[in-house]
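The residues making up each chain are set out below.
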Amino acid sequence: MQRTIFLGASGDLAKKKTFPALFGLFLHGHIVPTTRIVGYARTKMDRPDFLKRISQYIKNTNTPKVKAMLDQFLDQCTYVSGVYDQDSGFQALEHELKRIERETKTIDRLFYMALPPSVFIPVANGLKKNCYTPKGVNRLIVEKPFGMDLESSRVLSKALGALYREDEIYRIDHYLGKEMVKNIMILRFTNQIFGSCWNREHISNVQITFKEKIGTEGRGGYFDEFGIMRDVMQNHLFQILSLIAMEAPASLSAEDVRSAKVDVLRAIPPVVESEVLLGQYGKSEDGTLPSYLDDDTVPKGSKTATFAAAAFHIDNPRWAGVPFVLKCGKALDQQKVEIRIQFKDLTHNNLFQKDVAARNELVIRVQPEEAVYLKVTQKLPGLGMDTVMSELDLSYASRFTNLSVPDAYENLILDAVMGEQSNFVRSDELDEAWRIFTPVLHKIDRGQVPVDIYPYGSRGPKNLPEFVARFGFERHLQA
Ligand code: BG6
């Protein structure tokens with residue numbers, strides 16, 4: 001694969017994620033000299049302006065070596081401006097692609113659509129009609145949102161499916177490119193100690209938590225239409241849930257891995273309103289941090305949830321009776337994403353003091369500071385036989401001192417370049433996720449699920465501890 005085309009090359013994602021990731025891949029030798037990166041957006045600018053703009057997106061270029069590499073990278077970038085809903089823009093793009101083809105003698109094309117959902121279909125159409133090469137490989141990376149509910153997602157899938165084959169469509173969920181998310185299958189399927197107790201006999205509940213310290217801060221326009229459940233839970237957290245809960249795939253092929261995920265999703269009934277807790281952030285307790293409604297980009301009086309917790313149940317022999325509780329929120333007290341597997345309480349303990357010898361817990365910290373740790377009971381050092389809850393701790397920063405964790409977008413763009421689809425969302429997987437969420441989302445959209453106000457910088461709605469306790473979650477004394 002020799003060519004990357006970016007659509008929406010001037011947006012936020014290009015700035016924060018995709019161009020820095022492309023440069024990261026370039027630094028590691030994954031963008032070969034014959035690759036050309038073509039930016040495409042509505043903004044009119046010439047090539048020097050475009051290069052200036054993307055070099056601003058790329059940080060940490062202080063050393064002469066990296067500076068020189070950046071110049072080489074920019075040599076491989078060009079720009080075409082055009083609209084999204086008329087052939088003229090795509091014809092100009094095709095013209096540029098043909099020119100590149102003559103220059104580099106390469107033909108394969110990777111189109112990255114980081115665009116507002118309203119133009120997905122016209123753009124996919126325009127590309128198919130004007131820029132599809134019958135001589136080589138064509139791949140389309142599609143950014144979320146993939147619809148608003150089951151019905152709109154099906155409309156989108158049908159329209160895309162009429163233009164491109166499933167093996168040409170790469171629906172990106174960047175959580176699948178995160179190091180610790182990629183680690184889940186390895187942890188589960190290569191360690192006897194976890195593999196053998198990964199079931200209802202041993203596990204009491206699973207908690208998957210996403211917390212951000214910042215609010216919407218100017219991104220409210222997009223966010224308000226979707227809300228936190230669509231923005232984070234239905235995709236990122238649900239991908240984590242699938243990897244934690246699925247059976248071992250027959251192989252690591254993209255089809256087998258994704259089929260195993262679909263199988264487990266099929267065993268999950270739709271989430272019910274009584275098992276959902278919603279919140280929206282208000283001002284911080286000291287009044288210094290703004291409420292969601294203070295964000296100018298948020299419509300007045302909006303009831304959109306910026307916090308959601310929900311319980312899911314998997315009706316299969318491995319998981320029956322084990323709740324999976326997903327929680328996500330903005331403007332909270334901490335910045336972290338983690339998975340907590342809480343094992344069952346000891347059934348028999350007549351030897352040691354009971355208040356401390358509680359349950360084991362496996363924690364996979366996705367970010368920040370990637371780590372895997374297991375909460376275990378130990379002897380408290382000293383003359384007595386007191387116990388203490390402690391951790392077997394694998395912290396990446398201290399264990400893998402010479403290795404850096406790649407960015408999720410680097411991982412996934414490289415996968416797309418290589419034609420590796422395991423970490424992209426298949427259409428039936430998407431369909432199942434929407435089936436599970438749609439009934440409650442419609443109730444939320446109709447204002448039928450209460451939304452509690454929580455202070456900016458707090459742990460979330462006041463009923464959260466009671467909510468998680470309902471599903472068997474026990475906070476450790478030292479958690
Ligand atoms: C995006 C959401 O998909 O993921 C954002 O739209 C969220 O609202 C972001 O902040 C979180 O990604 P990360 O990689 O920073 O955890």
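Residues numbered from 1 in each chain as written. Predicted model: local features only at pLDDT ≥ 70, side-chain atom pairs only at ≥ 80, totals over all residues. Heavy atoms only, no water.

For clarity, the cut-off: UniProt positions are given in the numbering used here, feature names are shortened, and annotations may be inferred rather than shown by experiment.
The protein is annotated in an unreviewed UniProt entry as Glucose-6-phosphate 1-dehydrogenase from Mortierella polycephala. Regarding the protein, the relevant UniProt record gives this comment under Function (unreviewed entry): "Catalyzes the rate-limiting step of the oxidative pentose-phosphate pathway, which represents a route for the dissimilation of carbohydrates besides glycolysis."

**With respect to the sheet that holds strand β7 (residues 203-211)**
Heads up, the rule is: Between any two strands, at least two bridges found by DSSP are needed for them to pair. Secondary structure follows DSSP: runs of H or I at least 4 residues long count as helices, runs of E at least 2 residues long count as strands, and numbering of each begins at the N terminus. Structural elements are reduced to axes, namely lines fitted to C-alpha atoms, with helices fitted over the stretch in contact, and the angle between N-to-C directions of any two is expressed from 0 to 180 degrees. Between two residues, a contact is recorded if the distance between any of their heavy atoms is within 4.5 Å.
Judged by pairing direction, the sheet is mixed, and its 9 strands sit side by side in the order β14-β13-β12-β11-β7-β10-β9-β8-β15 without closing on themselves. Either end of the sheet is taken by a strand with one partner, and the two such strands are β14 (387-395) and β15 (451-455). Averaged over neighbouring strand pairs, the angle between their axes works out to 20 degrees when direction is ignored. Pairing of strand β8 (residues 276-282) with β15 involves 5 bridges; the strand directions are parallel. Paired with Leu 278 across the strands is Val 451, a residue of β15. Packed on one face of the sheet, helix α7 (residues 179-190) meets β11 (336-343), β12 (361-367) and β13 (371-379) and runs near 145 degrees to β12.

**Points about the site of the ligand**
Selection rule: Here a residue counts as near a molecule or strand whenever at least one of its heavy atoms sits within 4 Å of it. Pairs of N or O atoms are called polar contacts if they sit within 3.5 Å, as long as, within protein, a hydrogen donor faces a hydrogen acceptor (for residues adjacent in sequence, only side-chain-to-side-chain pairs). Method for areas: the Shrake-Rupley scheme with a 1.4 Å probe, in which residue coverage is limited to the protein chains shown. Throughout, the protein atoms alone are placed on a 1 Å grid, and a set of points is a cavity if a 1.4 Å probe fits but cannot get out or a pocket if it is open with protein on both sides within 12 Å along at least five of seven lines; lining residues have an atom within 4 Å of a point. What decides whether a molecule sits in a cavity or pocket is whether more than half of its atoms lie within 2 Å of the grid points. Under the scheme applied here, ten amino acids are nonpolar (Ala, Val, Leu, Ile, Met, Phe, Trp, Tyr, Cys and Pro), four are charged (Asp, Glu, Lys and Arg), and all others, including Gly, are polar.
In the vicinity of the ligand, the residues found are Lys 144, His 174, Tyr 175, Lys 178, Phe 210, Glu 212, Arg 219, Asp 231, His 236, Lys 330 and Gln 367. Within the side chain of Glu 212, one N or O atom sits 2.6 Å away from an oxygen atom of the ligand. In the environment of the ligand, an oxygen atom lies 2.9 Å from a nitrogen or oxygen atom belonging to the side chain of Lys 330. About the coverage of the ligand: the protein hides 82% of its 400 Å² of free accessible area. More than half of the atoms belonging to the ligand lie within 2 Å of the grid points that define the largest pocket. Partitioning the shell around the ligand into residue classes produces 2 nonpolar, 3 polar and 6 charged.

**Topic: the packing of helix α9 (residues 220-245) against helix α10 (residues 254-266)**
Short version of the rule: With respect to orientation, any angle under 35 degrees is reported as roughly parallel, any angle over 145 as roughly antiparallel, any angle of 65 to 115 as roughly perpendicular, and every other angle as oblique.
Two elements in contact, α9 and α10, have axes whose closest approach is 9 Å; the angle formed by their N-to-C orientations is 100 degrees. Looking at the two axes, α9 sits roughly perpendicular to α10. Between α9, through Phe 238, Gln 239, Ser 242, Leu 243 and Ala 245, and α10, the contact on the second element is made entirely by Lys 261, Val 264 and Leu 265. Residues belonging to the contact of α9 with α10 are distributed by class as follows: 5 nonpolar, 2 polar and 1 charged.

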